[in-house]
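Here is how the chains run, residue by residue.
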Amino acid sequence: MARRQGVGDVKGTVKRVLLRLTTREGVVGWGEAAPWEVFTGTAEGAFAALDTYLRPLVLGRSARAVRALAGDLDRALTGHTDAKAAVEMALFDILGHAAGLSVAELLGGRVRDTIPLSFSIADPDFAADLARMHAMTAQGHRLFKVKTGVKPHGEDLAHLEAMRAAFGDRIDLRVDYNQALPPFGALRILRDVEAFRPTFIEQPVARRHLDAMAALTAALDTPILADESCFDAADALEVVRRQAADAVSVKLMKCGGMLKAQGLMAIAETAGLPGYGGTLWEGGIALAAGTQLIAATPGISLGCEFYMPHHVLTEDVLEERVPVEAGAVVVPRGPGLGIAVSEAAIRGNARVLAEA
């Protein structure tokens, strides 16, 4: 399925790096790095980070020392948060299997078992997306996030009007500009969008324009959600300090893992900013980790957009996809990430580039 959004387009294939860690006792943990070249980095860069720089720090270490190892990874290599997230989720997967606990329980215990699922309206063919909305609402889906700023403003307004006309208040409508608007004139455009009562407006301007984000947050009745402006806890602190958003998007590939995501949310929650479970182009392994994080983190209360394996990807590597029921992702309850990786899918669809 083709996707168009302000920061970049996707069509055809996406690249991900899968990581399998095995302990001396034979316990296996899976991780996934899913960068996007216009957002966090490249799959080639993530692979090089894992294979060349992070591998020597991981081999021979205890899987129990997750925080200590995460600190070593940060000291050894700047950035590459997607690769570091892959290592952390594989370690937590190992620990969960060894203890018979889900990762959510290792992170402090569950506060929710299901997460409302948001589907992004980003098909170049809007009629196709509208047809999907009809089918999905019949199955219980309510959350839809419209990728705006790619098409002319008048066309965006016409699409929002068509969605409200078709579904009224039966849907929870959000909009996401992915940094598409210049600060000059953004307020006038967003006031037009407010007429359609979106739950939030995500990242209207480029991440560096925090002053403009703060001005929009102050001027609009609709909450502003920071995504590209909020990669990690340091960014969250700056967003709070400058009152540059009303909510934040939390992505494992941005912040570098589940522990760091909880650190980011500790700042956001203290300031009263809820979180939203964002995504890049992850497959089932990383999205399972995202569900475990959200299940254990009270402040990530605005739902998630973990729809790729069900609605975008034609193939994945799990034996069974993480279930979606009545418009919500069901958090796996099994040990570790709660998933089973298909060896047949790995052999048939993945290139094994490194082993140790």
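Structure shown above.
The structure presented is a predicted model; accordingly, all values stated were derived computationally and were not measured.

**A word on the pairing of strand S3 (residues 17-22)**
Part 1: Side chains Val17, Leu19 and Leu21 of S3 all project onto a buried face; the interleaved residues Leu18, Arg20 and Thr22 project onto a face where none is buried.
Part 2: With six bridges connecting them, S3 and strand S4 (residues 28-33) associate as antiparallel partners. Each bridged residue has a counterpart across the sheet, and for Val17 the counterpart in S4 is Ala33.
Part 3: Count of turn residues in the S3/S4 antiparallel hairpin: five residues, of which Gly26 carries a positive phi of about 90°.

**Here's the deal with empty space enclosed by the protein**
Part 1: Taken as a whole and judged by the stated rule, the model has four cavities of 30 Å³ or more.
Part 2: Counted as a void, the largest cavity has a volume near 120 Å³.
Part 3: A total of three residues in the lining of the largest cavity trace back to one element, the largest contributor, which is helix H6 (residues 153-167).
Part 4: Here the lining of the largest cavity is built from residues that sort into seven nonpolar, two polar and six charged.

**What about unusual backbone geometry?**
Part 1: In the Ramachandran plot, Asn178 falls in the positive-phi region, its phi being about 45° despite a non-glycine side chain.
Part 2: You can call Asn178 buried: its relative accessible area is 3%.
Part 3: Its identity as a non-glycine residue notwithstanding, Gln203 has a phi of 35°, on the positive side.
Part 4: Mapped onto the elements of the fold, Gln203 is located in the loop between strand S9 (201-202) and helix H8 (210-219).

**Observations regarding the pairing of strand S6 (residues 118-121)**
Part 1: Residues Ser118 and Ser120 of S6 are buried on one face, and the alternating residues Phe119 and Ile121, pointing to the opposite face, are buried as well.
Part 2: Of the pairings in the sheet, the one linking S6 to strand S7 (residues 143-147) comprises four bridges and is parallel in character. Of the residues in S7, the one forming a bridge with Phe119 is Phe144.
Part 3: Regarding the hand of the β-α-β motif, the stretch spanning S6, helix H5 (residues 126-138) and S7 is right-handed.

**What about H6?**
Three- or four-residue spacings in an α-helix give side chains the same orientation, since the helix completes a turn every 3.6 residues.
Part 1: Taking 1.5 Å per residue, 15 residues should reach 21 Å; H6 reaches 21 Å between its end C-alpha atoms and fits that length.
Part 2: Those residues of H6 lying buried are Asp156, Leu157, His159, Leu160, Met163, Arg164 and Phe167. The arc that holds every buried residue of H6, seen down its axis, measures 160°, which confines them to one face.
Part 3: Taken together, the buried residues of H6 touch S6, H5, S7, strand S8 (172-176) and helix H7 (186-194).

**Description of the nonpolar core**
Part 1: Within the largest apolar cluster, 109 residues are counted, with the highest numbers of intra-cluster contacts made by Met89, Met163, Met258 and Ile285.
Part 2: At ten residues, the largest contribution of residues to this core is made by helix H3 (residues 81-99).
Part 3: A domain split of this core shows at least three residues from each of domain 1 (3-106 + 342-349) and domain 2 (109-330).
Part 4: Filtering out sequence-adjacent residues up to four positions away, Met258 remains in contact with Glu88, Met89, Phe92, Val103, Leu107, Leu252, Ala289 and Leu293.
Part 5: Phe200, Leu225, Tyr276 and Leu302 belong to the second-largest nonpolar core, a separate cluster that totals five residues.

What counts, and at which threshold
- Residues numbered from 1 in each chain as written.
- Predicted model: local features only at pLDDT ≥ 70, side-chain atom pairs only at ≥ 80, totals over all residues.
- Heavy atoms only, no water.
- Buried < 20%, exposed > 50% of the residue type's maximum accessible area, 1.4 Å probe, protein only.
- Helix = DSSP H or I, 4+ residues; strand = E, 2+ residues; numbered from the N terminus.
- Pairing = 2+ DSSP bridges.
- 1 Å grid on protein atoms, 1.4 Å probe; cavity = no way out; pocket = protein on both sides within 12 Å on 5 of 7 lines; lining within 4 Å.
- Points joined across faces, edges and corners; volume = space filled by probe spheres on them.
- Nonpolar A, V, L, I, M, F, W, Y, C, P; charged D, E, K, R; others polar.
- Right-handed = clockwise from strand over helix to strand, strands pointing away.
- Expected span 1.5 Å × (residues − 1).
- Arc of directions from axis to C-beta.
- Contact = heavy atoms within 4.5 Å.
- Core = buried A, V, L, I, M, F, W, Y, C linked by side-chain atoms within 4.5 Å.
- Domains from an automatic or database assignment.

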